[in-house]
Amino acid sequence: MNIQTPAVVVDLEKLEKNIYKMQQFADKHNIKLRPHIKAHKTLEIAKMQLDAGAKGITVAKLGEAEEMAEAAEDILVAYQLVGASKIQRLLSLNKIKFITVAVDHLSQATALNSLAQEASQMVSIYLEVDTGLNRCGLPRGADVVQLAKGIRGLSNLRLKGIFTHAGHVYAAKKEDVPAIGQFEGEELVRVAKDLAKAGIIIEEVSVGSTPTAFYAGQVTGVTEIRPGNYVFNDAIQLGLGVCQEEDCALSVKTTVISTPSSDRCVIDAGSKVFGLDQGAHGAATVKGFGLVKGWPQLVISRLSEEHGVITVDTKLGPSPSIGEVLEVIPNHACQVINLADYVYVVKENNPIFCWKVAARGKVV
């Protein structure tokens, strides 16, 4: 199999190891693993996760759910759906799969309930709680309880659980990751107890994020974790101390196409391959636009659409020659996957499969 660059490459043995490690953690702590597939968007990896013991999957968008329905029976759409057309798509999927959807406002719930009534369907709900990201979700307090009561009063909705995503961990220092994960789990359990005092018993207390999963998942009362990036890991996870370089299963192969000066070279992968992410939610844990493996003197300092410009620290070593193939661990693997049509799967550096990124570009 001939691999032309730029190419997105997945090391099968590292991928399998990462899947096993997270599943082993979930099994040890008697919690469910519901991985977020936005990290990989491929049917093959979703099936690997489910075969290893995952109880279902998480998606961000309906388009992802529609693609992943081939692999999974139980799908959480961890996103608020607004508009009749999207709700109708959800209900179509709900006829054939077990679908749960996010809500953080009563207007979302009433609109969903109205169309579910017309379709004679029951829809399961996760109520989103904010534990520090300050994005979607309600903070712990009376508003959460009131919304839960409102949802319970709707005939065609079933309040199955509560969930949160501690995405603000990506803006933290690595020494603060354990405390953020601990708080994420404890705060969501406190919300569950608040609901129980109001007579509302929920089945699932679900936490998310690869950096915090191993901490939030150990909190008594948490029933489910939803990490996504763990299957690959990336330079952001490295910067947060979540993994080691040898745990990074996804990389980009790219060729040096120009060496205009001793301290600058250019590769054939730009923003259309790597994206422009230098740290989700404001993090500054990375340097440049990816880690060039084995070349400490190289920093991908800027990207245009089809070119990556590398600064060479000649004190640490020479510039690579034209034609040299470099391997780069990207800053954010999820973004790289969404830009790729397919990935090459390698074992012992030999390509063995080519997997289609089935849910690529599914942002609706």
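Reading guide: rules and limits
- Residues numbered from 1 in each chain as written.
- Predicted model: local features only at pLDDT ≥ 70, side-chain atom pairs only at ≥ 80, totals over all residues.
- Heavy atoms only, no water.
- Axes fitted to C-alpha atoms, helices over the stretch in contact; angles between N-to-C directions.
- Helix = DSSP H or I, 4+ residues; strand = E, 2+ residues; numbered from the N terminus.
- Parallel < 35°, antiparallel > 145°, perpendicular 65-115°, else oblique.
- Left-handed = near helix turned anticlockwise from the far one by under 90°.
- Contact = heavy atoms within 4.5 Å.
- Nonpolar A, V, L, I, M, F, W, Y, C, P; charged D, E, K, R; others polar.
- Buried < 20%, exposed > 50% of the residue type's maximum accessible area, 1.4 Å probe, protein only.
- Expected span 1.5 Å × (residues − 1).
- Arc of directions from axis to C-beta.
- Pairing = 2+ DSSP bridges.
- Polar contact = N/O pair within 3.5 Å; in protein donor to acceptor, adjacent residues only side chain to side chain.
- Disulfide = S-S within 2.5 Å.
- Core = buried A, V, L, I, M, F, W, Y, C linked by side-chain atoms within 4.5 Å.
- Salt bridge = Lys/Arg side-chain N within 4 Å of Asp/Glu carboxyl O.

Q: Quick one: what's the story with the packing of helix 4 (residues 84-94) against helix 5 (residues 106-118), residue by residue and with numbers?
A: For the pair helix 4 and helix 5, the least separation of the axes is 10 Å and the interaxial angle reads 55°. Comparing the axis directions of helix 4 and helix 5 gives the class oblique. As for how helix 4 packs across helix 5, the hand of that crossing is right-handed. Of helix 5, the residues touching helix 4 (which contributes Ala84, Ile87, Gln88, Leu90 and Leu91) are Ala111, Leu112, Leu115 and Ala116. When the residues that make up the contact of helix 4 with helix 5 are grouped by side-chain class, the tally is eight nonpolar, one polar and no charged.

Q: Could you give me a rundown of the environment of Asp194, with the residues and numbers involved?
A: Looking at the secondary structure, you find Asp194 in helix 7 (residues 177-197). The class of Asp194 is buried, set by a relative accessible area of 17%. Spatially, the C-alpha atom of Asp194 lies 9.0 Å from that of Val144, the residues being 50 residues apart in sequence. Ignoring anything within four residues of it in the chain, the contact list for Asp194 reads Arg140 and Val145.

Q: Residues and numbers for helix 1 (residues 12-28), please.
A: Between its first and last C-alpha atoms helix 1 spans 24 Å; for 17 residues at 1.5 Å apiece the expected length is 24 Å, and the two agree. Taken together, the buried positions of helix 1 are Leu12, Leu15, Asn18, Ile19, Met22, Gln23, Phe25 and Ala26. An end-on view of helix 1 places all buried positions within 170° of arc, on one side of the element. Turned more than 90 degrees away from the buried face of helix 1, the exposed residues are Lys17, Tyr20 and Lys28. Positive backbone phi, approximately 55°, marks Asn30, located one or two places after helix 1.

Q: Could you give me a rundown of the pairing of strand 13 (residues 298-303), with the residues and numbers involved?
A: Pairing of strand 13 with strand 14 (residues 308-312) involves five bridges; the strand directions are antiparallel. Among the inter-strand pairings, Ile300 is bridged to a residue of strand 14, identified as Ile310.

Q: Report on the side chain of Lys41, specifying residues and quantitative values.
A: Within the fold, Lys41 resides in the loop between strand 2 (32-33) and helix 2 (43-52). On the accessibility criterion, Lys41 (4% relative accessible area) is buried. Among the polar contacts listed, one links the side chain of Lys41 to the side chain of Asn338, at a separation of 3.4 Å. Non-local contacts of Lys41, meaning those with residues more than four positions away in its chain, are made with Glu64, Met68, Ile337, Asn338, Val357, Ala358, Ala359, Arg360, Gly361 and Lys362.

Q: So what's going on with the state of the cysteines? Which residues, and what values?
A: Taken as a whole and judged by the stated rule, the model has zero disulfides. You can see Cys248 has no disulfide; the closest cysteine sulfur is in Cys243, sitting 4.2 Å from it.

Q: Give me the sheet that holds strand 7 (residues 157-163): which residues, what numbers.
A: Spatially, the eight strands line up as an open sheet ordered 2-9-8-7-6-5-4-3, and their pairing is parallel. Each end of this open sheet is capped by a strand with a single partner; those strands are strand 2 and strand 3 (57-59).

Q: Give me the lowdown on the nonpolar core, citing residues and values where you can.
A: Counting residues in each nonpolar core, the largest one holds 98 residues, and the members touching the most others are Leu15, Ile162 and Phe232. Top contributing element to this core by residue count: helix 1, with six residues. Contact partners of Ile162, with chain neighbours within four places excluded, come to Leu127, Val129, Leu188, Val191, Ala192, Leu195, Ile202, Glu204, Val205 and Ser206. Core analysis: the next-biggest nonpolar cluster, separate from the first, contains 10 residues, Ala166, Ala172, Ile180 and Leu240 among them.

Q: Explain the pattern of salt bridges to me, using residue names and the numbers behind them.
A: Tallying each qualifying case throughout the model produces 16 salt bridges. Of the charged contacts, one joins Arg140 and Asp194 as a salt bridge, the two residues approaching to 2.7 Å between their closest N and O atoms. Here the residue Arg140 occupies a position in the loop between strand 6 (123-128) and helix 6 (142-152), and Asp194 occupies one in helix 7, the gap between them amounting to 54 residues. Glu306 is paired through a salt bridge with Lys272; the nearest N and O atoms lie 3.1 Å apart.

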